[in-house]
Amino acid sequence: MSQLNEHISQLREDFMKGTLSESDISTIPFVVFEKWMQEAIHAKVNEVQAFHLSTVSKDGKPSGRILYLREFFDNHYYFYTNYESRKAIDISNNPFVSFTFFWPELERQIRMEGIIAIASKEKSDAYFNVRPTESQIGAWSSPQSKVIENRNILDAYVKDNTNKFENKDIPRPEHWGGYVFTAQYYEFWQGRKSRLHDRISFTKNGDAWKIARLAP
Ligand SMILES: Cc1cc2nc3c(=O)[nH]c(=O)nc-3n(C[C@H](O)[C@H](O)[C@H](O)COP(=O)(O)O)c2cc1C
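Residues numbered from 1 in each chain as written. Predicted model: local features only at pLDDT ≥ 70, side-chain atom pairs only at ≥ 80, totals over all residues.

1. Thoughts on the overall build of the protein chain
Okay, step 1: On a plain count of helices and strands, the protein chain comes out with six helices and nine strands.
Okay, step 2: Its C-alpha atoms put the protein chain at 55 × 50 × 40 Å along the principal axes.
Okay, step 3: The proportion of buried residues among the 216 residues of the protein chain is 20%.
Okay, step 4: Sequence-distant contacts in the protein chain: of pairs separated by 6 or more residues, those separated by 24 or more amount to 62%. (Helix = DSSP H or I, 4+ residues; strand = E, 2+ residues; numbered from the N terminus. Buried ≥ 20, exposed ≤ 12 C-beta atoms within 10 Å, placed from the backbone. Contact = placed C-beta atoms within 7 Å.)

Structure (structure tokens):
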């Protein structure tokens, strides 16, 4: 253990891949997000669509997990999950959440904060319908975030649902669907040498966005 700690305490990397300045980015943060996403895809960032979602429970306790972003346009971001999961319970009590992307290949981080709502049924149906059959069966079979006695129980649910839906169209379960997140705050972070990183934030101010530079 002490060897491990010694190892991780000495890991150090200087970030040299880019710079970020107010003058060369859009004044609209979701336009910057789109550009960074394009650049990340171009750079073949691993799991580029993965982000960290933080939620806060009714009693003020935070929790986090990685999810996949499935769509975005303008200031709206979609992901899909189980509506009875821990995150869903948090969201039903407190719609304020944060998103964090980390793209190490580009030495970039994006933070967003805002408010989340359940996506339309049409949106959820449309996405569910293009998922692979195994994922559709999985959505029916997994009581996400609940304690289950063992793996066999999950496998048995999958088997039952596979039989139930054999040669049939699989409808979206009521307990599964999308969320749409609307950002009120963004921070774009570009790693720089000697920990003197660039950080540019955008805060929603009525219809406009207030831009600021933050110390690293
Ligand atoms: C790379 C990656 C992508 C994931 N994508 C999703 C996703 O899109 N939807 C989802 O419900 N869970 C996804 N998960 C699983 C979640 O991290 C989490 O275990 C699950 O949603 C239950 O979270 P909760 O108990 O906090 O509600 C993903 C996990 C990883 C590591």
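Additional details are given in the paragraphs that follow.
2. Quick word on the pairing of strand β8 (residues 198-205)
Okay, step 1: Bridge analysis of strand β7 (residues 176-190) against β8 gives six bridges, and the strand direction is antiparallel. Each bridged residue has a counterpart across the sheet, and for Tyr186 the counterpart in β8 is Phe202.
Okay, step 2: Inspection of the sheet shows β8 paired to strand β9 (residues 208-213) by six bridges, in the antiparallel sense. The residue bridging Ser201 from the neighbouring strand is Ala212, located in β9.
Okay, step 3: From the end of β8 to the start of β9, which pair antiparallel, there are two residues, and Gly206 there has a positive phi angle of about 65°. (Pairing = 2+ DSSP bridges.)

3. Thoughts on the nonpolar core
Okay, step 1: Ranked by internal contacts, the top residues of the largest apolar core, which has 24 residues, are Phe99, Ile110, Tyr179, Phe181 and Tyr186.
Okay, step 2: Elements that contribute at least two residues to this core include exactly α2 (29-42), β1 (50-56), β4 (76-82), α3 (86-93), β5 (96-103), β6 (108-118) and β7.
Okay, step 3: Top contributing element to this core by residue count: β7, with six residues.
Okay, step 4: Other than its neighbours up to four places away in sequence, Phe181 contacts His76, Tyr77, Val97, Phe99, Gly114 and Ile116. (Core = buried A, V, L, I, M, F, W, Y, C linked by C-beta atoms within 7 Å.)

4. Digging into unusual backbone geometry
Okay, step 1: Its identity as a non-glycine residue notwithstanding, Asp74 has a phi of 45°, on the positive side.
Okay, step 2: Assignment of secondary structure puts Asp74 in the loop between β3 (71-73) and β4.
Okay, step 3: Phi at Ser194 is positive, roughly 55°, even though this residue is not glycine.
Okay, step 4: Positionally, Ser194 belongs in the loop between β7 and β8.

5. Observations regarding the site of the ligand
Okay, step 1: Not every one of the 16 residues close to the ligand is listed here, only the nearest: Thr81, Ser85, Arg86, Lys87 and Ser145.
Okay, step 2: Looking at the shell around the ligand, the elements that each hand over two or more residues are β2 (62-68), β4 and α3.
Okay, step 3: Among the elements that make up the shell around the ligand, the one with the highest residue count is β2 (five residues).
Okay, step 4: Across the shell around the ligand, the residue classes break down as six nonpolar, six polar and four charged. (Near = placed C-beta within 6 Å. Nonpolar A, V, L, I, M, F, W, Y, C, P; charged D, E, K, R; others polar.)

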